Amino acid sequence: MNIANNILKHSLQNVYFLVGTACGGKTTMANELSKKYGFIHFNDNWNEDNFKVWQSILNEKYQPNATKRREIDWEEYFSKSVEEFLADKNDNHGENEYLEFSIIELIKLSQNNKVIADIWITDWDFLMEISDRSRIACLLAPGELIIRDYYQRDDHIDFTNCIRSLKDPEKKFETQNELFRIGAKEIDEKANKYNLFSIVRTEESTVENTLKLLEGHFRL
């Protein structure tokens, strides 16, 4: 059974969505809104027990991509070209499998609470159908700022150390840097295409000012 998007939209009226680039401030702003307004902060790894539930219910019939068991050869994976990474990105079936689970969790959590959702959604046509623009904000960072900050974050340290442990790490980092540049440009263009409320992070940006802008947009 497929649930129509208008029904999902009706059930997600207490959910606010933050989308955008890496290092745009999504997690920081979700945490600030949660602290100030008592929102539940939901992200792709919001609750370890919840992720265990997701893993426990995986079924090859319904989640064929997530149930594939294979060891990743990180040397081979990070040796791919920019073009190969971009081609892989177009195959988002695994993401859609987990997104279904996330949407159901958002519906449950938001019945009696407001929720700020910081989850990875690449299908913005779908996002526009399950939420209003007044409950969506796009937080952007330029490519070079992402490159400067991404590898320094504590939650990305495993990613960074993995690349450093491989052959010719400088070349592999440059591939990732180019992907960050391309991704930042693509998301900026999508934000304009969908006429989303957007905040671009700069060297002068502060948590306080960004929070005020979001409060105004979300009418908090």
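A short tour of the structure in this document, coming up. Just so it is clear, the model here is predicted, and its values are computed rather than measured.

### Description of the overall build of the protein chain
Here is step 1 of the chain: A tally of helices and strands in the protein chain yields 11 helices and five strands.
Here is step 2 of the chain: Against the compact-globule benchmark of 17 Å for 220 residues, the protein chain has a radius of gyration of 18 Å, which places it among compact chains.
Here is step 3 of the chain: If one aligns the C-alpha atoms of the protein chain with their principal axes, the spans along those axes are about 50 × 50 × 30 Å.
Here is step 4 of the chain: The buried share of the protein chain, taken over its 220 residues, is 42%.
Here is step 5 of the chain: Pairs at least 24 residues apart make up 82% of the contacts formed inside the protein chain by residues separated by at least 6 positions.
Here is step 6 of the chain: Total accessible area on the protein chain is roughly 13100 Å²; 48% of this is exposed by carbon and sulfur atoms.
Here is step 7 of the chain: Here the protein chain holds 28 positive side-chain charges and 38 negative ones, and the gap between their average locations is 4 Å.

### Here we look at the packing of helix α8 (residues 143-150) against helix α10 (residues 169-193)
Here is step 1 of the chain: Interaxial distance between α8 and α10 falls to 8 Å at its minimum, and their mutual angle equals 135°. In terms of orientation, α8 and α10 fall into the oblique class. Classified by chirality, the crossing of α10 by α8 is right-handed. Contact with α8, carried on its side by Gly143, Glu144, Ile146, Ile147 and Tyr150, involves Asn177, Phe180, Arg181 and Ala184 of α10 and no other residues of that element.

### Describing the sheet that holds strand β3 (residues 115-118)
Here is step 1 of the chain: The strand order β2-β3-β1-β4-β5 describes an open sheet built from five strands, whose pairing is parallel. The open sheet has two edge strands with one neighbour each: β2 (40-43) and β5 (197-200). Along the sheet, successive strands turn relative to each other by an average axial angle of 25°, direction set aside.
Here is step 2 of the chain: Here strand β4 (residues 136-140) runs beside β5; their pairing, made up of four bridges, is parallel. Looking at the pairing, Leu140 lines up with Val200 of β5.

### Re the environment of Lys185
Here is step 1 of the chain: Take Lys185: it is sitting in helix α10.
Here is step 2 of the chain: The exposure class assigned to Lys185 is exposed, which follows from its relative accessible area of 56%.
Here is step 3 of the chain: Residues Lys185 and Ala141, spaced 44 residues apart in sequence, show a C-alpha to C-alpha distance of 9.6 Å.

### Details of a nonpolar patch on the surface
Here is step 1 of the chain: A cluster of nonpolar side chains, Ile3, Ile7 and Ile104, forms an exposed patch at the surface whose accessible area comes to about 250 Å².
Here is step 2 of the chain: Looking at the element boundaries, Ile3 is found in the segment before α1 (5-11).
Here is step 3 of the chain: Residue Ile3 is classed as partly exposed on the basis of its relative accessible area of 40%.

### Brief notes about the packing of aromatic side chains
Here is step 1 of the chain: Taken as a whole and assessed by the stated rule, the structure comprises 16 aromatic pairs.
Here is step 2 of the chain: Here Tyr151 and Phe159 contribute two aromatic rings whose centre-to-centre distance is 6.4 Å and whose plane-to-plane angle is 10°, an arrangement assigned as stacked.
Here is step 3 of the chain: A relative accessible area of 10% places Tyr151 in the buried class.
Here is step 4 of the chain: Of the residues examined, Phe159 reaches a relative accessible area of 23% and is grouped as partly exposed.

Criteria and cut-off values
- Residues numbered from 1 in each chain as written.
- Predicted model: local features only at pLDDT ≥ 70, side-chain atom pairs only at ≥ 80, totals over all residues.
- Heavy atoms only, no water.
- Helix = DSSP H or I, 4+ residues; strand = E, 2+ residues; numbered from the N terminus.
- Rg over C-alpha atoms; globule rule 2.2 N^0.38 Å.
- Buried < 20%, exposed > 50% of the residue type's maximum accessible area, 1.4 Å probe, protein only.
- Contact = heavy atoms within 4.5 Å.
- Areas by Shrake-Rupley, 256 points an atom, 1.4 Å probe, with all protein chains shown as cover.
- Lys, Arg positive; Asp, Glu negative; His and termini not counted.
- Charge placed at Lys NZ, Arg CZ, Asp CG, Glu CD.
- Axes fitted to C-alpha atoms, helices over the stretch in contact; angles between N-to-C directions.
- Parallel < 35°, antiparallel > 145°, perpendicular 65-115°, else oblique.
- Left-handed = near helix turned anticlockwise from the far one by under 90°.
- Pairing = 2+ DSSP bridges.
- Patch = residues over 30% accessible without salt bridge, like charges linked within 9 Å, V, L, I, M, F, W, Y side chains within 5 Å.
- Salt bridge = Lys/Arg side-chain N within 4 Å of Asp/Glu carboxyl O.
- Phe/Tyr/Trp six-rings, centres within 6.5 Å; stacked < 30°, edge-to-face > 60°.

Treat this as a map of the structure, not an account of what it does.
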